[in-house]
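Chain by chain, the residues run as shown.
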Amino acid sequence: MLQGTSSHVGKSLLCTALCRIFWQAGFQVAPFKAQNMALNSYVTLDGGEIGRAQGAQAEAAGVVATVKMNPVLLKPKQDLNAQVVVLGKPLADMSARDYRAKFLPGAVDLVGQCIDELRREYQVLVIEGAGSPAEVNLKDRDIVNMRTAFLADAPVILVADIDRGGVFAALVGTLELLEPHERSKVAGFIINKFRGDLQLLQSGLDFLEQRTGKPVLGVIPYLHEHGIEQEDSVSLSAMPRNWTTGELDIAVIQLPRISNFTDFDLLAEVPGVALRYVGARDTLGQPDALILPGTKNTLQDLLFLKEKGLDKQILALAHKGIPVVGICGGYQMLGKMLYDPWGSEAAGEQMSGLGLLDIETTFQREKQTHRCTATLSSAQLSWCQVTDQPITGYEIHTGEVRLGLGVKPLLEITRRSGERVSVTDGAATNGGQIFGTHMHGLFDNAAVLLGWVNYLRQRKGLPLLVDEQLPTNRENKYDQLATAVKQHLDMGKLYQIMGLGDSRA
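Counting restarts for each chain: residues are numbered from 1 in the order of the written sequence. Totals for whole chains, interfaces and linings use all residues, but because this is a predicted model, local features are given only for residues with pLDDT of at least 70 and pairs of side-chain atoms are given and counted only at 80 or more. The basis for every side-chain value is the complete set of non-hydrogen atoms in the structure, without hydrogens or water.

Residue exposure (1.4 Å probe, protein chains only): buried if accessible area is under 20% of the type maximum, exposed if over 50%, otherwise partly exposed. Each helix corresponds to a stretch of at least 4 residues labelled H or I by DSSP, and each strand to a stretch of at least 2 residues labelled E; elements are numbered beginning at the N terminus. Among the residues of helix 7 (residues 202-212), those classed as buried are G204, L205, L208 and T212. End-on view of helix 7: buried residues confined to an arc of 100°, all on one side of the axis. Residues of helix 7 that are exposed and angled more than 90 degrees away from the buried face: S203 and Q210. At the exit of helix 7 stands G213, carrying a positive phi of roughly 75°. When we speak of the arc, we mean the arc of directions from the helix axis to the C-beta atoms.

Written as structure tokens, this is what we have:
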């Protein structure tokens, strides 16, 4: 089990690397995280919703992701309120106080049951903690750190981020705040995100081992452009924000409750694309294209656009002919009206949208979560070259959209959660200059990615790209990540800690 001295120390990425390393060594591997708080989610084949990190880790482990790998997912809707998703399905919206008092006491049995079932199915579990195990105000109701470690009887490796400074204080201090029986569970350390000369760090590593009596299993370098999807929106703080030097300037509006921003990871890796995230304090300028991403609360984030004046800037760009794309909640914002008769969005009963698409959205009580296969409508997209092949993605939404006379459907969904259907989704206008869809993962389809980027390049008189210039697929990236991490870990010692000897190191 990997636990951290704080959030965003790299636990998810290292767990992904270990899943691939153990899979490469011939083990049957599965990831696990008892409780995850994230707006970037992953849809399993049967339509369940789990944390995106566990979905990626399952892919790295070469297995199909299931809801048992992340039984509890929290999706924040407001500062003190979140949707609680249990075994892939929404249970209720709860305040932090109610969640702690009413839900957590009974969640331990659920976590233990999922661990037991996964242990019967797999040889190795790679378990991820959350935040820090030393949060003294939360430990009595912990289900995701030391409680999980004891339920799984798993040795704990403590991970710290040296890039933010204070790494030795963070590791020693975390140990000091653990109870003796918890401290005994910690079998070693990994120092992550190191930049510099390792020899200059050696005296600190020696001090750490002498002070704690626990080994340092590795010092992982800062892995630039690893290409693995990030789950935590904290990672957006490291994204480009203002002017960049690419041939194409693509701006993504960074909504306060932005979700599934991994939709644009591959787009950002395309040669010549400079993708930047634009918040209320950033300069929107004159991008070559504009994207409104998904959000956990469409109405609240639409209100944010209006309060900050970003709505007027978006409309001005669209009226100048700048292409605008909306994904999920961003798609709904592009419409004329949004209705919330059940109070699902907690922002009033209705609100006018940006009016760039002739659509209206009504939010329902039940959430739609599906893996889906679809075909694009070339009649609505001047740049579309993929009408003869299926595209894949996933849906996570409560809004149902009604199209007006001014738009046509963007795509037809032919499969949902493995079942044949015939359902239209999305809308487009002006030959595809403005379009939107509920389907996440649209730009993960190479043909769509290449077609839209070349459409933008053609508008600027730039030479077109070819398939070979697109980013490499995720499988290659998992292999590259495993190689980068493995060479800096003492795998022999890690296998000994796991009780597996060192024969596969």
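Taken together, the four strands give an open sheet; going across it, the order is 3-6-7-8, and neighbouring strands pair in mixed fashion. Every interior strand has two partners, whereas the edge strands, strand 3 (35-37) and strand 8 (89-95), have only one. Adjacent strand axes in the sheet meet at a mean angle of 25°, parallel and antiparallel pairs treated alike. By definition, two strands form a pair when at least two bridges between them are found by DSSP. By the bridge criterion, three bridges tie strand 3 to strand 6 (residues 72-78) in an arrangement that is parallel. For M37, the partnering residue across the bridge sits in strand 6 and is L74. Between two residues, a contact is recorded if the distance between any of their heavy atoms is within 4.5 Å. Convention adopted: a line fitted to C-alpha atoms gives each axis, helices being fitted over their contacting stretch, and angles between N-to-C directions are expressed from 0 to 180 degrees. Relative to the sheet, helix 3 (residues 96-121) contacts strand 3, strand 6, strand 7 (81-86) and strand 8, its axis offset from that of strand 8 by approximately 140°.

The criterion for an aromatic pair is that two Phe, Tyr or Trp rings (for Trp, the six-membered ring) have centres within 6.5 Å, with stacked assigned to planes under 30 degrees apart, edge-to-face to planes over 60 apart and tilted to the rest. Summed over all chains, the structure comprises five aromatic pairs. Plain terms: the ring middles of F22 and F27 are 6.5 Å apart, the flat faces sit at 85° to each other, and that makes the pair edge-to-face. You can call F22 buried: its relative accessible area is 3%. Taking 6.2 Å as the distance between ring centres and 40° as the angle between the ring planes, the aromatic pair formed by F27 and Y495 counts as tilted. On the criterion of sequence distance, the pair formed by F27 in the loop between helix 1 (11-24) and strand 2 (29-32) and Y495 in helix 14 (residues 491-497) is long-range, its members being 468 residues apart.

If you walk across this open sheet you meet the four strands as 1-10-11-12, and the pairing is parallel. For this open sheet the edge positions go to strand 1 (2-4) and strand 12 (216-221), each flanked by a neighbour on one side alone. When strand polarity is set aside, the average angle formed by the axes of neighbouring strands in this sheet is 25°. As paired strands, strand 10 (residues 156-161) and strand 11 (residues 186-194) are joined by six bridges and run parallel to one another. Looking at the pairing, D161 lines up with N192 of strand 11. Here helix 5 (residues 167-177) sits on the sheet in contact with strand 10 and strand 11, set at roughly 155° to strand 11.

Attention shifts here to unusual backbone geometry. With glycine set apart, most residues show a phi of negative sign, and most peptide bonds adopt trans. The residue N260 is not glycine, and still its phi comes out positive at about 50°. Here N260 is to be found in the loop between strand 14 (258-259) and helix 8 (265-269). The phi torsion at C328 lies on the positive side, around 55°, for a residue other than glycine. Tracing the backbone through its elements, the reader meets C328 in the loop between strand 18 (324-327) and helix 11 (329-333).

Before going further, it helps to examine the side chain of D301. Within the secondary structure layout, D301 lies in helix 9 (residues 298-307). Residue classification places D301 among the buried positions, given a relative accessible area of 0%. Excluding residues within four positions of it along the chain, D301 makes contact with L255, P256, R257, I258, T295 and M333.

Among the secondary structure elements, P133 is positioned in the loop between strand 9 (124-127) and helix 4 (146-152). Remark: the alpha-carbon pair of P133 and G165, spanning 32 residues in sequence, is separated by 19 Å.

Right, let's get into the pairing of strand 13 (residues 248-253). Two faces, one strand: in a regular strand the side chains alternate between the faces of the sheet. For strand 13, the buried fraction is high: six of the six residues fall into the buried class. The alternating pattern of strand 13 places L248, I250 and V252 and D249, A251 and I253 on opposite faces, both of which are buried. Inspection of the sheet shows strand 13 paired to strand 15 (residues 273-278) by six bridges, in the parallel sense. Opposite I250, over in strand 15, you have L275 as the bridge partner. Bridge analysis of strand 13 against strand 16 (residues 289-292) gives three bridges, and the strand direction is parallel. Bridge pairing in strand 16 places V252 opposite I291.

No statement about biological role is implied by the geometric values presented.
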